[in-house]
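If you want the building blocks of each chain, they are given just below.
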Amino acid sequence: MNSLLRLYNEYNIMDVALKEDYDLSPTKFREVFELLLPGPASIRHSALDRYKLGPKDVFLSRRPDGELVGLAIVDGRNRRVIGHRSFGYAGTHLFSSPDDPIRLVEGPYDCIGKRDVCVFGSISVKHIKNLKGHVVLLCPDGDIWQDNMKRASFLRCLRPLYQSFGASIAGVELLSKGLDPAEVPYHHRFILSPQKAIEKYS
């Protein structure tokens, strides 16, 4: 709760974000803000931290050690981050092992299981670096393989150079063209090793 109040004060969130979105009085705003608790982010039970009012969602952005550093506000296709963009996940901190890797996805609604972690954007080298010491399974949206710039940026994550000072990559989950992780059950995904993914898509 202290970290939520720090964000409240440090970034003047009431004025720049939630108040204008929800038109709440200061008293009601504080009540809503303090009720940001772990819970499902959608009917798919993504278990991300959020609080919902009307059509808008608010997701908590945390560093791997659990420090709360920002709020991601989602309203349909309009998204913005107040504070800092980091990771969205359930629980108070990230943990992983070779037998229990983190599954890295792009958006909060792609988190359909407890091991899913979103980056609030496209998966990139900076996320691999920030997850140093963790084991990750990468699951980007299915549209990146048809976009030359997105594909090239993603493939950089798989290069041995970046893995030497970042997370250990257990594999890459492939989705059908144009689909997001939220639309594809785990047992319908095919996993490639990092090297095989580089060979297939470079």
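Look above for the structure.
Our subject in this report is the structure included herewith. Sequence order sets the numbering: in each chain, residues are counted from 1 along the sequence as written. Totals for whole chains, interfaces and linings use all residues, but because this is a predicted model, local features are given only for residues with pLDDT of at least 70 and pairs of side-chain atoms are given and counted only at 80 or more. To get the side-chain values, take all heavy atoms of the structure and skip hydrogens and water.

## Overview of the pairing of strand β6 (residues 102-105)
(1) Moving on: Categorising residues by exposure relies on relative accessible area from a 1.4 Å probe, with only protein chains included: less than 20% of the type maximum marks a residue as buried, more than 50% marks it as exposed, and the intermediate range marks it as partly exposed. Strands here mean DSSP runs of E at least two residues long; helices mean DSSP runs of H or I at least four residues long; both are numbered from the N terminus. Here β6 shows a buried face lined by I102 and L104 and a second buried face lined by R103 and V105.
(2) Moving on: By definition, two strands form a pair when at least two bridges between them are found by DSSP. Here three bridges tie β6 to strand β8 (residues 135-138), and the two strands are oriented parallel to one another. Residue pairing in the sheet places L104 in a bridge with L138 of β8.

## Description of the environment of R63
(1) Moving on: Mapped onto the secondary structure, R63 falls in the loop between β3 (56-62) and β4 (68-75).
(2) Moving on: In the structure, R63 is positioned 29 residues away from T92 in sequence and 9.8 Å away in space, judged by C-alpha atoms.
(3) Moving on: Every residue pair with non-hydrogen atoms within 4.5 Å of one another is taken to be in contact. Ignoring sequence-local partners within four residues, the contact set of R63 consists of V69, S86 and Y89.
(4) Moving on: Within the structure, R63 has its side chain in polar contact with the side chain of E67 (distance 2.9 Å). Whenever two N or O atoms come within 3.5 Å, that pair is a polar contact, provided that in protein one can donate a hydrogen and the other can accept it, and provided that, for residues adjacent in sequence, both atoms are side-chain atoms.

## Thoughts on the environment of G76
(1) Moving on: Position of G76 relative to the elements: it lies in the loop between β4 and β5 (78-83).
(2) Moving on: Judged by relative accessible area, G76 falls into the exposed class, the value being 52%.
(3) Moving on: Through-space distance from the C-alpha of G76 to that of D57 is 9.1 Å; in sequence the pair is 19 residues apart.

## Notes on unusual backbone geometry
(1) Moving on: Even without glycine at this site, F120 takes up a positive phi of about 55 degrees.
(2) Moving on: Counting through the fold element by element, F120 comes out in the loop between β7 (116-118) and α4 (125-130).
(3) Moving on: For F120, a relative accessible area of 11% puts it in the buried group.

## Some thoughts on helix α5 (residues 148-156)
(1) Moving on: For α5, every residue scored as buried is listed here: R151, F154 and L155. For α5, the arc enclosing every buried residue in end-on projection is 100 degrees, short of the 170-degree limit, so these residues lie on one face.
(2) Moving on: The N-cap residue of α5 is D147: its side-chain oxygen and the backbone nitrogen of M149 are 3.1 Å apart. The arc in question is formed by the directions pointing from the helix axis toward the C-beta atoms.

## With respect to the sheet that holds β8
(1) Moving on: Spatially, the five strands line up as an open sheet ordered β7-β6-β8-β9-β10, and their pairing is mixed. The sheet terminates laterally at β7 and β10 (190-192), the two strands that pair on one side only. Adjacent strand axes in the sheet meet at a mean angle of 35 degrees when their direction is disregarded.
(2) Moving on: Relative to strand β9 (residues 168-174), β8 is paired through four bridges, and the arrangement is parallel. Paired with L137 across the two strands is G171, which belongs to β9.
(3) Moving on: Helix α7 (residues 194-201) contacts β9 and β10 of the sheet and is inclined by roughly 50 degrees relative to β9. Angles shown run from 0 to 180 degrees and are taken between the N-to-C directions of axes, each axis being a line fitted to C-alpha atoms and, for helices, limited to the stretch in contact.

## Digging into the nonpolar core
(1) Moving on: For the purposes of this section, nonpolar cores are sets of buried Ala, Val, Leu, Ile, Met, Phe, Trp, Tyr and Cys residues that join through side-chain atoms within 4.5 Å. Among the nonpolar cores identified, the biggest contains 28 residues, and L104, L138, W145, F154 and L158 are the most heavily contacted of them.
(2) Moving on: Secondary-structure elements contributing two or more residues to this core are β6, α4, β8, α5, β9 and α7.
(3) Moving on: With sequence-adjacent residues up to four places away left out, L158 is seen in contact with L138, Q163, I169, V172, P194, A197 and I198.
(4) Moving on: Ranked by size, the runner-up nonpolar core spans 11 residues in total, among them L48, A72, V74 and C139.

## Focus: the state of the cysteines
(1) Moving on: Only a pair of cysteine sulfur atoms within 2.5 Å counts as a disulfide in this structure description. On inspection of all chains with the given rule, the structure shows zero disulfides.
(2) Moving on: With no disulfide of its own, C111 lies 4.7 Å from the sulfur of C118, the closest cysteine sulfur.
(3) Moving on: Its relative accessible area of 0% is what places C111 among the buried residues.

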